[in-house]
Amino acid sequence: MAREDFFLLIERARALGLKVGLTPAATPLLTREMVFRLKEAGVTRLALSLDGASPERHDAFRGEAGTFQRTLEALSWAKEAGLPTQVNTTVTRENWPEIQALPDLLAEKGVVLWSLFFLVPVGRGALLKQLSAKGFEEVLHWLYEVSKAYPFHVKTTEAHHFRRVVLQRRKEEGGQDRALAAGESLYREYFQDGMEHSRLGVTDGNGFVFVSATGDVAPSGFLPVYAGNVREKPLLEIYRNSPLFQELRDKDRLKGKCGVCEYRYVCGGSRARAWAETGDYLQSEPRCAYVPPAWLEKVGKHVIGR
């Protein structure tokens, strides 16, 4: 928002037929007037971060005093302006206990989507602690319960096995929820702001692409393995034809239990976390507690063969 051409960029994007979402930092630039201007300019959704349910926890996580209060004010202004909002939350071992207090606050602010990012230990994230595989499973089942009890939708980033949990729970219960899992067919009806989530199992390099400030193209911002540069080759060509992206889209090339999991086409695990923890982006999701029957059978045959 400090750019002089900020609104020009929004205008050009809208002219191209793009839906424009904005994820600003909660700085003093994010005023009530600015929120209303964003609505008038055609911004479709405003996404803000909350990593704790109290000023102490959130501001400490963000390293900037006052961001919790400014975020709540911005959510209120967006609600007043009729600008749909989503809240992004980073899940770590340290802040997980307090995250459980957020759903009531999000419902009060009228958010349409709660998007939870599960830490990948790259960059500054290497300083934080991830949940264990068991902890992941407990949180994902809790999120499914949240999706049944609250009016907003729930999605995860870098916790693709939430899709498996959702499908398992739906099969058991046959009830209604607001969890966004692969295979949905009515996303456009879910979001009145026109934002639509993929009906496929989006993973790094498969329905998602990251372009750095210098033009380098990676499967995601958390998987810093590059397939080319947009200054040298068109983005579409890189995405469609690079060996890296083609490899990531072939779920049958996954290794370990992910490679034989019956949910691999809708889940596929976090390729970024596999790379960060094992050095191989095709290895199994390190934080998934589920053991596929086919893996048990494969391991059993291997043991018998020995």
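The shown structure was predicted, so the numbers you read here are calculated from the model rather than taken from an experiment. (Residues numbered from 1 in each chain as written. Predicted model: local features only at pLDDT ≥ 70, side-chain atom pairs only at ≥ 80, totals over all residues. Heavy atoms only, no water.)

Peer 1: Run through the overall build of the protein chain, naming residues and quoting values.
Peer 2: Within the protein chain one finds 13 helices and eight strands. Expressed as a percentage of the 306 residues in the protein chain, the buried residues total 47%. Within the protein chain, residue pairs in contact and separated by at least 24 positions form 64% of the contacts whose partners lie at least 6 positions apart. About 15500 Å² of surface is accessible on the protein chain, with carbon and sulfur atoms providing 52% of the total. (Helix = DSSP H or I, 4+ residues; strand = E, 2+ residues; numbered from the N terminus. Buried < 20%, exposed > 50% of the residue type's maximum accessible area, 1.4 Å probe, protein only. Contact = heavy atoms within 4.5 Å. Areas by Shrake-Rupley, 256 points an atom, 1.4 Å probe, with all protein chains shown as cover.)

Peer 1: Which residues make up the packing of aromatic side chains, and what values do they have?
Peer 2: The final tally for this structure, using the stated rule, is nine aromatic pairs. Centre to centre, the rings of Tyr 239 and Phe 245 are 5.6 Å apart; their planes meet at 70°, and the pair counts as edge-to-face. Overall, the relative accessible area of 0% leaves Phe 245 in the buried class. The interplanar angle of 75° and the centroid separation of 5.8 Å between the aromatic rings of Tyr 263 and Tyr 290 together place this pair among those described as edge-to-face. Residue Tyr 263 is found in the loop between helix H11 (243–249) and helix H12 (271–278), and its partner Tyr 290 is found in the loop between H12 and helix H13 (293–305); the two are separated by 27 residues along the sequence. In textbook terms, an aromatic cluster arises when at least three aromatic residues are bridged by ring pairs, as seen for Trp 96, Trp 114, Trp 142, Tyr 150 and Phe 152. The positively charged end of Arg 37 is found above the aromatic ring belonging to Phe 7, 3.9 Å away from the centroid. Its end group placed over the ring of Tyr 239, Arg 249 keeps NZ or CZ at 4.6 Å from the ring centre. (Phe/Tyr/Trp six-rings, centres within 6.5 Å; stacked < 30°, edge-to-face > 60°. Lys NZ or Arg CZ within 6 Å of the ring centre and 35° of its normal.)

Peer 1: Help me get a handle on the packing of helix H1 (residues 6–15) against helix H2 (residues 32–41), residues and values and all.
Peer 2: Viewed as axis vectors pointing N to C, H1 and H2 meet at an angle of 25°, and their least axial separation amounts to 10 Å. Comparing their axes, H2 and H1 come out roughly parallel. Seen from above, H1 lies across H2 with right-handed handedness. For the pair H1 and H2, contact is made by Phe 6, Phe 7, Ile 10 and Arg 14 and by Met 34, Arg 37, Leu 38 and Ala 41, respectively. The class makeup of the residues in the contact of H1 with H2 is six nonpolar, no polar and two charged. (Axes fitted to C-alpha atoms, helices over the stretch in contact; angles between N-to-C directions. Parallel < 35°, antiparallel > 145°, perpendicular 65-115°, else oblique. Left-handed = near helix turned anticlockwise from the far one by under 90°. Nonpolar A, V, L, I, M, F, W, Y, C, P; charged D, E, K, R; others polar.)

Peer 1: Explain helix H7 (residues 133–149) residue by residue, including any values.
Peer 2: Spanning 17 residues, H7 covers 25 Å between terminal C-alpha atoms, matching the ideal 24 Å at 1.5 Å per step. Of the residues making up H7, those classed as buried are Gly 135, Phe 136, Glu 137, Val 139, Leu 140, Leu 143, Tyr 144, Val 146 and Ser 147. As for H7, its buried residues are in contact with helix H5 (96–99), helix H6 (102–109), strand E4 (113–118), strand E5 (153–157), helix H8 (162–173) and H12. (Expected span 1.5 Å × (residues − 1).)

Peer 1: So what's going on with the nonpolar core? Which residues, and what values?
Peer 2: Grouped together as the largest cluster of nonpolar side chains are 46 residues, with contacts concentrated most on Leu 38, Leu 50, Trp 114, Leu 116, Phe 118, Leu 143 and Phe 162. If sequence neighbours within four positions are ignored, Leu 116 has contacts with Thr 89, Val 91, Ile 99, Leu 143, Val 154, Lys 155, Thr 156 and Thr 157. Val 122, Val 217, Ile 238 and Cys 258 belong to the second-largest nonpolar core, a separate cluster that totals 14 residues. (Core = buried A, V, L, I, M, F, W, Y, C linked by side-chain atoms within 4.5 Å.)

Peer 1: So what about the pairing of E4? Which residues, and what values?
Peer 2: Here is the key point about a regular strand: its side chains alternate between the two faces of the sheet. When you tally the buried positions in E4, you get six out of six residues, the bulk of the element. Of the two faces of E4, the one lined by Leu 113, Ser 115 and Phe 117 and the one lined by Trp 114, Leu 116 and Phe 118 are each fully buried. The pairing of strand E3 (residues 85–91) with E4 spans six bridges and is parallel. Paired with Asn 88 across the two strands is Ser 115, which belongs to E4. Relative to E5, E4 runs parallel, the two sharing five bridges. Residue pairing across strands places Phe 117 opposite Thr 157, the latter belonging to E5. (Pairing = 2+ DSSP bridges.)

Peer 1: Requested: an account of the pattern of salt bridges, with residues and values cited.
Peer 2: For the structure on display, the rule yields 15 salt bridges. In this structure, Asp 177 engages Arg 170 in a salt bridge whose closest nitrogen and oxygen atoms are separated by 2.9 Å. Since its relative accessible area comes to 15%, Asp 177 is described here as buried. Each of Glu 145, Lys 148, Arg 169 and Glu 173 takes part in one network of salt bridges that share partners. (Salt bridge = Lys/Arg side-chain N within 4 Å of Asp/Glu carboxyl O.)

Peer 1: Provide a residue-level description of the side chain of Thr 85, including the pertinent values.
Peer 2: Locating Thr 85 in the fold gives a position in strand E3. In contact with Thr 85, not counting residues within four places along its chain, are Arg 45, Leu 46, Leu 75, Ala 78, Gly 110, Val 111, Val 112 and Leu 113.

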